[in-house]
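# An overview of the molecular structure
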Amino acid sequence: MTEINYVFETHGLNIFYGNFLAVADVNINIPRHKITAIIGPSGCGKSTLLRAFNRMNELVPDTHIHGEVLFEGQNLYEKSVDPVEVRYRIGMVFQKPNPFPKSIYENVAWAARIHGHKGNMDELVESSLRQAALWDEVKDILHSSGLAISGGQQQRLCIARAIAVKPEVILMDEPASALDPIATLKIEELMQELKQKYTIVIVTHNMQQAARVSDHTAMMMLNGGATRSGTVIEFDETNKIFTRPTDKRTEDYVTGRFG
Amino acid sequence: MAKKTANGLKQDKDPARPLLNLKKRRRPGEIVIQSLLFFTGFFSIFTTISIVYELGKEAWLFFRTPAVNLLEFLTGTKWQPHIEEFGILPLATATLVTTAIAMAIAIPLGLAAAIYLSEYASKKMRNTLKPILEVLAGIPTIVYGYFALTFVTPLLRSVFGNDIVEIYNTGSAGLVMGILILPLIASISEDALNAVPRALREAAYGLGATKLEVAVKIVLPAALSGIAAAVILGISRAIGETMIVAVAAGAGPNFTLNPFKAAETMTGHIVRISGGDLSYDSIDYNSIFAIGLMLFFLTLTLNIISQRFVRRFREVYE
Ligand SMILES: Nc1ncnc2c1ncn2[C@@H]1O[C@H](COP(=O)(O)OP(=O)(O)OP(=O)(O)O)[C@@H](O)[C@H]1O
Ligand SMILES: [Mg+2]
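The rules behind the values
Residues numbered from 1 in each chain as written. Chains lettered and ligands numbered in written order. Predicted model: local features only at pLDDT ≥ 70, side-chain atom pairs only at ≥ 80, totals over all residues. Heavy atoms only, no water. Near = heavy atom within 4 Å. Polar contact = N/O pair within 3.5 Å; in protein donor to acceptor, adjacent residues only side chain to side chain. Areas by Shrake-Rupley, 256 points an atom, 1.4 Å probe, with all protein chains shown as cover. Helix = DSSP H or I, 4+ residues; strand = E, 2+ residues; numbered from the N terminus. Expected span 1.5 Å × (residues − 1). Buried < 20%, exposed > 50% of the residue type's maximum accessible area, 1.4 Å probe, protein only. Contact = heavy atoms within 4.5 Å. Domains from an automatic or database assignment. Buried area = accessible area lost by both parts, 1.4 Å probe. Salt bridge = Lys/Arg side-chain N within 4 Å of Asp/Glu carboxyl O. Nonpolar A, V, L, I, M, F, W, Y, C, P; charged D, E, K, R; others polar. Axes fitted to C-alpha atoms, helices over the stretch in contact; angles between N-to-C directions. Parallel < 35°, antiparallel > 145°, perpendicular 65-115°, else oblique. Left-handed = near helix turned anticlockwise from the far one by under 90°.

Residue and element names in this part refer to chain A. With respect to spatial proximity, 13 residues lie near ligand 1, and among them Ser42, Gly43, Lys46, Ser47 and Thr48 are the closest. In this structure, an oxygen atom belonging to ligand 1 sits 3.0 Å away from a main-chain N or O atom of Gly45. With respect to ligand 1, the side chain of Glu174 contributes an N or O atom lying 3.5 Å from an oxygen atom. A total of 630 Å² of accessible area belongs to ligand 1 in isolation, and the protein chains cover 63% of it. For the shell around ligand 1, the elements supplying multiple residues, two or more each, are strand 2 (20-26) and helix 1 (46-52).

Once that is clear, we can look at helix 8 (residues 211-222) of chain B. Between its terminal C-alpha atoms helix 8 of chain B stretches 15 Å, which fits the 16 Å expected from 12 residues at 1.5 Å a residue. Of all the positions in helix 8 of chain B, only B:Glu213, B:Val214, B:Ala215, B:Ile218, B:Val219, B:Leu220, B:Pro221 and B:Ala222 are classed as buried.

All names here are of chain A. Tracing the sequence through the fold places Asn14 in strand 1 (residues 6-17). Polar side-chain contacts of Asn14 include one of 2.9 Å to the backbone nitrogen of Asp25. Excluding anything up to four places from it in sequence, Asn14 contacts Leu21, Val23, Ala24, Asp25, His64, Ile65 and His66.

Residue and element names in this part refer to chain B. In terms of domain boundaries, chain B breaks down into domain 1 (17-64) and domain 2 (79-313). Using only C-alpha atoms to locate each centre, domain 1 and domain 2 end up separated by 32 Å. With 9 residues of domain 1 in contact, the opposing surface of domain 2 contributes 11 residues. Between domain 1 and domain 2, the buried area comes to about 860 Å², and carbon and sulfur atoms account for 84% of it. Of all residues in domain 1, Leu55, Glu58 and Phe62 bury the most surface against domain 2, accounting for 65% of the area lost on that side. For the pair domain 1 and domain 2, the number of links is 0 salt bridges. Counting every contact that joins domain 1 to domain 2 gives 0 residue pairs in polar contact (both at pLDDT 80 or more). Taken together, the residues of the side of domain 1 that touches domain 2 sort by class into 6 nonpolar, 1 polar and 2 charged.

Another point: the interface of chain A and chain B. On the chain B side, the residues contacting the 24 residues of chain A number 20 residues. Summing the contributions of chain A and of chain B, the shared interface buries around 1800 Å²; its carbon and sulfur component is 67%. Ranking the residues of chain A by area buried against chain B places A:Pro101, A:Trp110 and A:Ile114 at the top, with a combined share of 29%. In this assembly, chain A and chain B are joined by 1 salt bridge. B:Glu202 serves as the salt-bridge partner of A:Arg51, at 2.8 Å between the closest nitrogen and oxygen. Viewed at the interface, chain B and chain A are joined by 5 residue pairs in polar contact (both at pLDDT 80 or more). In terms of residue class, the side of chain A that touches chain B is made up of 17 nonpolar, 3 polar and 4 charged.

This next bit is on the packing of helix 4 (residues 123-136) of chain B against helix 6 (residues 170-194) of chain B. All names here are of chain B. Where helix 4 contacts helix 6, the two axes come as close as 8 Å, and the packing angle between them is 140°. Compared by their axis directions, helix 4 and helix 6 come out oblique. Between helix 4 and helix 6 lies a crossing of left-handed hand. Contact with helix 4, carried on its side by Arg126, Lys130, Leu133, Glu134 and Leu136, involves Pro183, Ala186, Ser187, Glu190, Asp191 and Asn194 of helix 6 and no other residues of that element. Its residues assigned to classes, the contact of helix 4 with helix 6 shows 4 nonpolar, 2 polar and 5 charged.

So, in structure tokens, the structure goes:
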């Protein structure tokens with residue numbers, strides 16, 4: 001048996017909000033244990049595409065998709081697939097840190113508990129916080145509120161919380177956009193650690209960040225048609241996207257000449 | 001005059017530089033609105049204080065009479081003004097029974113309705129159901145009273161037997177009171193649940209939580225202070241509810257916890273006594289103010305307890 005190298009494959013993926021086609025015809029493969037960045041101007045559908053990977057979009061009423069998103073070879077949008085199972089295996093970190101209004105410990109333990117975690121909870125909490133590079137900062141205040149720490153720490157808490165359920169993939173939607181450069185750097189270093197064990201897909205507005213952290217980059221752009229739908233115009237190794245892009249629009253965007 | 005500043009640059013005071021106008025300006029509109037708001041706030045406080053004063057004054061006349069003493073008032077099991085027995089317990093237990101039954105109905109059902117509306121119902125469903133619920137809360141309580149007497153009581157009697165359930169009973173009044181209070185609790189709790197940020201729900205869903213887990217373990221605790229407020233308001237409403245108990249619960253003090261027996265609540269007693277021809281300054285007349293004062297302290301205590309409770313358990317999400 002050969003290992004499948006792609007965690008996700010999308011085939012002709014179209015995502016709608018009501019009648020509005022927000023993301024049109026996306027065909028990309030997300031490689032395993034790599035960091036894939038999604039970049040592009042505001043409103044081109046980056047978050048929408050990202051949220052299609054763990055069926056988060058359907059929490060918004062009236063959304064639907066055409067096409068396929070294969071996760072480990074299985075179509076996530078098959079009728080028989082339970083979105084709860086999908087999200088259990090594909091974790092998410094949001095743009096704004098959103099810890100639960102519970103203790104730091106409980107933030108990490110909560111999801112493991114609802115999924116019936118059998119092992120030692122203290123160990124799980126510690127190892128998750130260590131992986132998120134937060135343990136040393138919070139080990140003495142585990143029982144104070146998850147909201148009583150700085151924004152950067154909160155975001156790492158959210159990463160620890162995502163790790164605690166042992167997902168295969170972590171989706172991150174501009175995880176550092178609300179943070180200062182030092183906290184951002186911490187998150188970026190953390191991502192390099194995490195990719196040993198997890199596949200990461202990250203949406204970012206920050207070109208340098210995409211260039212620094214990711215292995216592959218998907219460039220999204222409005223397709224220029226009357227529907228104003230976003231699509232992936234170029235998908236390649238990050239290196240290539242930033243040095244030798246094939247599409248003129250990508251080149252303009254990554255060099256900052258995009259109007 | 002040149003002064004050195006932190007970055008080494010000199011700061012000069014230029015005599016020719018015209019002064020900007022930074023003077024305080026008068027804003028008469030602001031002052032009017034502010035005083036208006038102050039007076040409305042002040043007025044409600046003033047009203048409350050006047051009510052307490054009036055209650056206290058008349059109650060004082062009652063407790064001052066030689067036939068009454070405070071200990072007997074609080075622990076006596078007979079309320080029979082004509083033989084000068086003033087023990088509030090029979091009235092208090094009746095209030096307790098009706099309130100407990102009402103809340104046993106209204107809290108779980110009201111919360112369930114709130115959770116359904118805020119977490120499960122589609123937007124369209126919610127926008128239809130919520131106004132209906134609120135209309136339900138606006139039905140005159142006398143209607144509920146006769147609903148208890150002519151519908152619920154016969155139902156109880158046919159289920160449990162005519163010899164067990166009396167024609168007037170606290171159970172049926174309590175049940176109907178629960179139905180009356182349910183929309184109140186549902187509506188306020190729903191507001192509290194709805195106010196919980198979407199980001200929290202998304203965080204939980206993103207971890208693979210089910211709808212029920214999100215609703216009960218994330219949204220509900222985060223909305224706890226609003227829900228506690230709803231419950232307290234509900235209890236206060238139940239304690240103070242008069243018409244239903246006056247019609248359906250019974251017209252005579254009865255020291256019992258049995259919900260199938262007739263008994264008169266504190267409010268029921270007040271309304272019956274004050275409906276008859278009472279002379280001012282009689283001991284009977286003053287006694288109803290003492291009951292009123294008790295009601296006031298009861299709700300006050302409840303409010304204080306609930307505030308403690310909320311401060312202790314609520315999850316602050318901002
Ligand atoms: N809940 C929604 N309902 C309707 N339309 C939506 C919704 N969310 C997003 N859209 C629309 O879909 C398009 C893509 O939005 P999306 O949030 O995916 O963009 P984005 O690339 O993530 O933008 P940003 O960089 O600003 O976060 C936009 O035109 C947006 O207006
Ligand atoms: Mg976005």
